[in-house]
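An overview of the molecular structure
The primary structure of each chain is shown beneath.
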2 protein chains.
Amino acid sequence: MRKTNSTNAINEKTLSRLCSTAHTLSVIGGRWKPTILWCLLDGKMRYHELKKSIKGVSERVLVLQLRELESDQLVKRIIYPEVPPRVEYELTSLGKSLEPLLNQMASWGALHKKKTQPARELEPAGVN
Amino acid sequence: MRKTNSTNAINEKTLSRLCSTAHTLSVIGGRWKPTILWCLLDGKMRYHELKKSIKGVSERVLVLQLRELESDQLVKRIIYPEVPPRVEYELTSLGKSLEPLLNQMASWGALHKKKTQPARELEPAGVN
DNA sequence: CCGTATCCAAATAGATACTG
DNA sequence: CAGTATCTATTTGGATACGG
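Since we're looking at a predicted model, the values are computed, not measured. Along each chain, residue indices are assigned from 1 in the same order as the chain's sequence is written. Key to labels: chains lettered from A, ligands numbered from 1, both in the order written. Predicted model: local features are reported for residues with pLDDT of at least 70 only, side-chain atom pairs are reported and counted for 80 or more only, and whole-chain, interface and lining totals are derived from all residues. Heavy atoms from the whole structure form the basis of all side-chain values; hydrogens and water molecules are not counted.

1. Some points on the relation of the copies chain B and chain A
Taken as rigid bodies, chain B and chain A are interconverted by a rotation of 180° and an axial shift of 0.0 Å, the fit giving an RMSD of 0.1 Å. The operation mapping one copy onto its partner corresponds to a two-fold rotation axis. The rotation axis passes nearest to the C-alpha of G29 of chain B in chain B, at a distance of 3.4 Å. Residue by residue, 98% of the interface of chain B is reproduced at the interface of chain A, so both copies engage with the same surface. Least squares is used to superpose the copies, and the fit set is the C-alpha atoms of residues whose pLDDT is at least 70 in both copies. In what follows, a contact means two residues having at least one pair of non-hydrogen atoms within 4.5 Å.

2. As for the protein's contact with DNA strand C
Around DNA strand C, 22 residues are found, and the nearest of them are E59 and R77 of chain A together with R31, W32 and R60 of chain B. Identification of polar contacts relies on pairs of N or O atoms within 3.5 Å, with a donor-acceptor requirement for protein atoms, meaning one able to donate a hydrogen and the other able to accept it, and with residues adjacent in sequence counted only if both atoms are side-chain atoms. Backbone polar atom of H48 of chain A to a phosphate oxygen of DNA strand C: 3.2 Å apart, as the coordinates give it. One of the backbone nitrogen or oxygen atoms of R31 of chain B is found 2.8 Å away from a phosphate oxygen of DNA strand C. Those elements that provide at least two residues to the surface near DNA strand C are α3 (47–53), α4 (59–71) and β3 (86–91) of chain A together with α4 (59–71) of chain B. In this classification, the charged set is Asp, Glu, Lys and Arg, the nonpolar set is Ala, Val, Leu, Ile, Met, Phe, Trp, Tyr, Cys and Pro, and all remaining amino acids, among them Gly, are polar. Looking at the surface near DNA strand C, its residues break down into nine nonpolar, four polar and nine charged. Being near a molecule or strand, for a residue, comes down to having at least one heavy atom within 4 Å of it. Runs of H or I in DSSP of at least four residues are treated as helices and runs of E of at least two as strands, each being numbered from the N terminus.

3. Considering the sheet that holds strand β1 (residues 45–46) of chain A
Residue and element names in this part refer to chain A. Any two strands with at least two DSSP-identified bridges between them are counted as paired. Pairing in this open sheet of three strands is antiparallel, and the strands run β1-β3-β2 from one edge to the other. If you trace the sheet from one side to the other, it starts and ends with β1 and β2 (75–80), each paired once. Two elements, β2 and β3, share six bridges in a ladder whose sense is antiparallel. If you follow I78 over to β3, its bridge partner there is E88.

4. Considering the UniProt feature "domain: HTH hxlR-type" (unreviewed entry) in chain A
In this structure's numbering, the residues bearing the UniProt feature "domain: HTH hxlR-type" (unreviewed entry) are residues 19–117 of chain A. Structurally, residues 19–117 of chain A is divided into 62% helix and 14% strand, and its ends, taken at the C-alpha atoms, are 31 Å apart. UniProt positions are given in the numbering used here, feature names are shortened, and annotations may be inferred rather than shown by experiment.

5. Quick word on the sheet that holds strand β1 (residues 45–46) of chain B
All names here are of chain B. In space, the three strands of this open sheet follow the order β1-β3-β2, with antiparallel pairing throughout. With one partner strand each, in any of the chains shown, β1 and β2 (75–80) form the two edges of the open sheet. With two bridges joining them, β1 and strand β3 (residues 86–91) adopt antiparallel strand pairing. By the bridge assignment for β3, R46 is matched with E88. What counts as an axis is a line fitted to C-alpha atoms, over the stretch in contact for a helix, and the angles between N-to-C directions run from 0 to 180 degrees. Its contacts with the sheet put helix α2 (residues 33–41) on β1, β2 and β3, and the angle it makes with β3 is roughly 95°. Contacts from α4 reach β2 and β3 within the one sheet, and its direction differs from that of β2 by about 110°.

Written as structure tokens, this is what we have:
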């Protein structure tokens, strides 16, 4: 009759899923991480290409996010010992394994926007 | 031969998905939002039950996150005009529609942890 | 070209006393 | 009970000059 347990406290299964969800968010939740991941799903890119593609990100932050993705093993950093230097960023298989999740997030986000922001173009200019 | 286009700039489709992904993250990405959502997936709860279930959250922050979830229409707030006051929080259908996504996030998070943190229990106590 | 170092701003989270 | 009001701390992001 009761659901989960008498006090509605978080049960073990929920706790474990919660922890895993939080972990996922900590990995992909950075300000530019989804952008970077979407970029790299199209194929490997050099640092400067990323910088150009991702408008508005500063060098410091871009590098920070890349380093985090790297230490989370989503991104591989390949350094070619040349002059001038060349560095390529590429998704690891773990990184590529995010694609379905990112797609689902995109789908849900689109749905949510449609449901919560019904038909903007029908309201001409916003009176107040 | 070329992929997407010549300069590897973000194309329209990627841009749209990126935007939707960012939107999803802005909705569920708060510090306690996944916790709250997992709780409410088990059923409606009163404010104080949430407060007790979610250890470590302060009142201010809990209310803030609930208000954001409410204004994003994931959570319904039901006020009973009684003394003492009673308020229940419940997922809307839009909130419930997050369940598959949260499940997938949990699955990916668990997988990622397994791949990046191999077999903790094999290292006895951590020497350094 | 590919960053790092430094400094700064903004957003987010937290503790806690108080109120209808 | 269910919050709000303050105040503070921490975390995150940003601009930009400089270095290997």
